[in-house]
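Residue-level listing of the chains:
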Amino acid sequence: MKPYIKFIGRAICLLPVLSIVFFSCANSKNEQIHAYDEENFPVYGPYRVIRLPIDKGVKVLNPVFITTGPGGKIFASNQTGEIYSLVDSDRDGLEDEALLYFDVSELGLRSPVSFVFKGDTALVGTSQMIIGLLDMDFDGKADSSWVVFDKIPFSHHPYEWTTGLCLGPDGKLYFNLTTDSWNDGASPDPEGIRGSILRISTNGLYLEQLATGIRSVPSMAFHPTGKLFFTDNEGGGNPTEELNILELGAYYGHNSRKYKNPENILDAVFNLKTEVAPSGLAFNSSSNDFGGTSNDLFVTFYGPGERWKRGGVGRVHVTVMEDGNLKFEEFPVVDIPKLSSLTFSEQGDLYLAQHGVSDYWYNPTQERSGAFYKLVFDASVNHLTNKPQINLNEGFNSDNLLLGKQLYAQLACLACHATDGVTELLGPNLKDIGLKLSREEILNEINEPSKIIKPSMVGLKVSKKDGKVLLGRPVSINSKTIDLMLVGNYVVSISREEIQKIENLDKSLMYEGLLSRMNEAEIQALLDYLIHLSQD
């Protein structure tokens, strides 16, 4: 017995030493991770923001999508065609290497901006078709590919995406095709499936059109109740950044002429206001507290256009009321520019893909851009409680409102811009413009209207065979006709047989020099009026 007792005694003596070693290793590991903390982004909850040190493997360029795959591995993709997995090569708790899983450009495809895993199979939406990918030999690279669904009306327009792929409770694949209303070279769409939400069997043999009238739906997600949530971007008949719930057979308001002008438009269930251009959706699980946010909906925002310092994450708390209706409350989470997608890991952390700098077609404009971040719950983080209003302290003077409204009318702004948040005229509706752009940004938009033009507001010059030339904004386009909104806000339908040439206008339809005859006090009064439109 004595040797045995002596052995136990030595083991007990070693425990404090082992504890010290373990504690030291843990501290060292935490220090390594803290080295990648980002402290320049405003955080509105108990979260640390960590930039993933992806400096090994393939070059990551402008990521557009991120999701969690088999074995809890994080997968991502970019616009040019690469799909890659993110790996923690040194096992310090942070992914630091990107491994190429598959490049769809090798199949002549592009824009894998959405994909979902069913077991080990990746179902990938590209501009031209949905494909299946499988890693047969488990070496981290897909070596088998096949066509799942290829009945997509396709042209080479850069905004023709297959997005929002997700598996429903019924085991079927749900996705959507972005609108073709802004594409003067749109392919024929006899079934009218572009601009709608679709459902197919995972073998692609069964297709059902579930809803129509969508504009740009980058992401969809199923709520625990089984309801399918999706966002749709403001513009083209959408007065707000919409949060919608799928209802079978519903029409959601965009491109009415394509769907023979339906009378009933299903309204959004909630208007998102954390930021502009929602880009990704993910429901937190019921088992992941993550700062008291279980079952909440998290939303990434790309931010407005080419304003590279805008973007972020919002959270929507969804409450199921006793009568079955839903109540929505929105909260900011973090401000990070140009976010394109998000996913929760199996460990409960929130991973974010930052697209970075690009042109309006989301093509890279510099050699390397974009990044990956993850949000980690940390109760000790000193965070902000409320997000500052964008124009709260920028010289607003309520005494200027009457003068500003008069100037708005004198400059004939109301001829092209409605302010009710509903009416669609030649220019964008200016309701809530003060929530989307700062005072300085609004002034820049007026002074330099051609510097940043939203794709949906790009003007067309249509030269007809009879010698007439029409300038306007396209509101509906198909293979037979182009409906053009002209100055005066009336729409003409032009048969393609009458058209000799179509050109995109390099300049805005808005006149330059509008403020050239105004003094500084008048300019500030006009800006005060525009900002006040967000408060009416």
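All figures in this text were calculated on a predicted structure; none of them were measured in a lab.

Asker: Any chance you could explain the sheet that holds strand β31 (residues 499-504) here in plain terms?
Answerer: Sheet strands line up and pair through hydrogen bonds in the backbone, either parallel or antiparallel. Strand order across the open sheet formed by 5 strands is β30-β29-β28-β27-β31, with antiparallel pairing between neighbours. The open sheet has two edge strands, β30 (490-495) and β31, and neither has a second partner. Averaged over all neighbouring strand pairs, the angle between strand axes comes to 45 degrees, with direction disregarded. Note that strand β29 (residues 481-486) and β30 share 6 bridges and pair antiparallel. Residue pairing for β30: Leu486 is matched across the bridge by Tyr490.

Asker: What is the right way to read the packing of aromatic side chains from this model?
Answerer: Aromatic ring pairs are defined here through the distance separating the ring centres and the angle between the ring planes. Under the criterion given, the structure shown has 20 aromatic pairs. Ring geometry for Phe115 and Phe117: centres 6.2 Å apart, planes at 80 degrees, overall edge-to-face. Relative accessible area serves as the criterion here: at 1%, Phe115 is assigned to the buried category. Take Phe117: its relative accessible area is 13%, and that puts it in the buried class. A network of ring pairs unites the aromatic residues Phe65, Phe75, Tyr101, Phe115 and Phe117 as a single cluster. When the ring centre of Tyr206 is taken as reference, the NZ or CZ atom of Lys172 above it lies at 5.8 Å.

Asker: How should I be thinking about the sheet that holds strand β1 (residues 47-51) in this particular structure?
Answerer: If you walk across this open sheet you meet the 4 strands as β1-β26-β25-β24, and the pairing is antiparallel. Looking along the sheet, the strands with just one partner apiece sit at the ends: β1 and β24 (339-344). Taking each pair of neighbouring strands and ignoring which way they run, the sheet shows an average axis angle of 25 degrees. For β24 and strand β25 (residues 350-354), the ladder comprises 5 bridges, and the chain directions are antiparallel.

Asker: How should empty space enclosed by the protein be read in this particular structure?
Answerer: Summary: where empty space remains is shown by rolling a probe the size of a single water molecule over the atoms. Under the counting rule described, the total for this entry stands at 2 cavities of 30 Å³ or more. By volume, the largest cavity is sized at about 120 Å³. Lining the largest cavity are 15 residues, with Glu234, Gly235, Gly236, Glu424 and Asn429 positioned closest to its centre. Classifying every residue of the lining of the second largest cavity by side-chain character gives 2 nonpolar, 2 polar and 3 charged.

Asker: What is the right way to look at the environment of Leu426 in this model?
Answerer: Within the secondary structure layout, Leu426 lies in the loop between α2 (401-410) and α3 (433-436). Placed 11 residues apart in sequence, Leu426 and Ala415 show a C-alpha to C-alpha distance of 8.3 Å. Those residues within four positions of Leu426 in sequence are excluded, and the remaining contacts are Cys416, Met457, Arg473, Met485, Leu486, Val487, Asn489 and Leu509.

Asker: Is there a simple way to explain the nonpolar core in this structure?
Answerer: The nonpolar side chains of a soluble globular protein tend to be buried with one another. Among the nonpolar cores identified, the biggest contains 20 residues, and Ile83, Tyr101, Phe115, Val124, Ile131 and Leu133 are the most heavily contacted of them. Mapped onto this core, the elements with two or more residues apiece are β3 (63-68), β6 (97-103), β7 (114-118), β8 (121-125) and β9 (130-134). Not counting residues up to four positions away in its chain, the partners in contact with Ile83 are Ala76, Ser77, Leu99, Leu100, Tyr101, Phe102, Val104, Pro112, Phe115, Val124 and Leu133. Judged by nonpolar contacts, the second largest core, of 19 residues, contains Phe41, Val43, Phe298 and Leu342.

Asker: Got a minute to help me understand the side chain of Arg310 in this structure?
Answerer: Inspection of the secondary structure assignment puts Arg310 in the loop between β21 (297-301) and β22 (312-320). Of the residues examined, Arg310 reaches a relative accessible area of 12% and is grouped as buried. Within polar-contact distance, the side chain of Arg310 engages the side chain of Glu441 at 3.2 Å.

Asker: Hey, could you run me through the pattern of salt bridges in this one?
Answerer: A side chain with one charge can pair with a side chain of the opposite charge if their charged atoms come near. With the rule as written, the count across this model stands at 17 salt bridges. When the shortest N-O distance is used, the salt bridge between Arg473 and Glu424 registers 3.3 Å. One end of the pair, Arg473, is in strand β28 (residues 469-477); the other, Glu424, is in the loop between α2 and α3, with 49 residues separating them in the sequence. Salt bridges linked by common partners bring Asp170, Arg199 and Glu208 together as one network.

Conventions we followed
- Residues numbered from 1 in each chain as written.
- Predicted model: local features only at pLDDT ≥ 70, side-chain atom pairs only at ≥ 80, totals over all residues.
- Heavy atoms only, no water.
- Pairing = 2+ DSSP bridges.
- Helix = DSSP H or I, 4+ residues; strand = E, 2+ residues; numbered from the N terminus.
- Axes fitted to C-alpha atoms, helices over the stretch in contact; angles between N-to-C directions.
- Phe/Tyr/Trp six-rings, centres within 6.5 Å; stacked < 30°, edge-to-face > 60°.
- Buried < 20%, exposed > 50% of the residue type's maximum accessible area, 1.4 Å probe, protein only.
- Lys NZ or Arg CZ within 6 Å of the ring centre and 35° of its normal.
- 1 Å grid on protein atoms, 1.4 Å probe; cavity = no way out; pocket = protein on both sides within 12 Å on 5 of 7 lines; lining within 4 Å.
- Points joined across faces, edges and corners; volume = space filled by probe spheres on them.
- Nonpolar A, V, L, I, M, F, W, Y, C, P; charged D, E, K, R; others polar.
- Contact = heavy atoms within 4.5 Å.
- Core = buried A, V, L, I, M, F, W, Y, C linked by side-chain atoms within 4.5 Å.
- Polar contact = N/O pair within 3.5 Å; in protein donor to acceptor, adjacent residues only side chain to side chain.
- Salt bridge = Lys/Arg side-chain N within 4 Å of Asp/Glu carboxyl O.

Any link to function would need more than the numbers given here.
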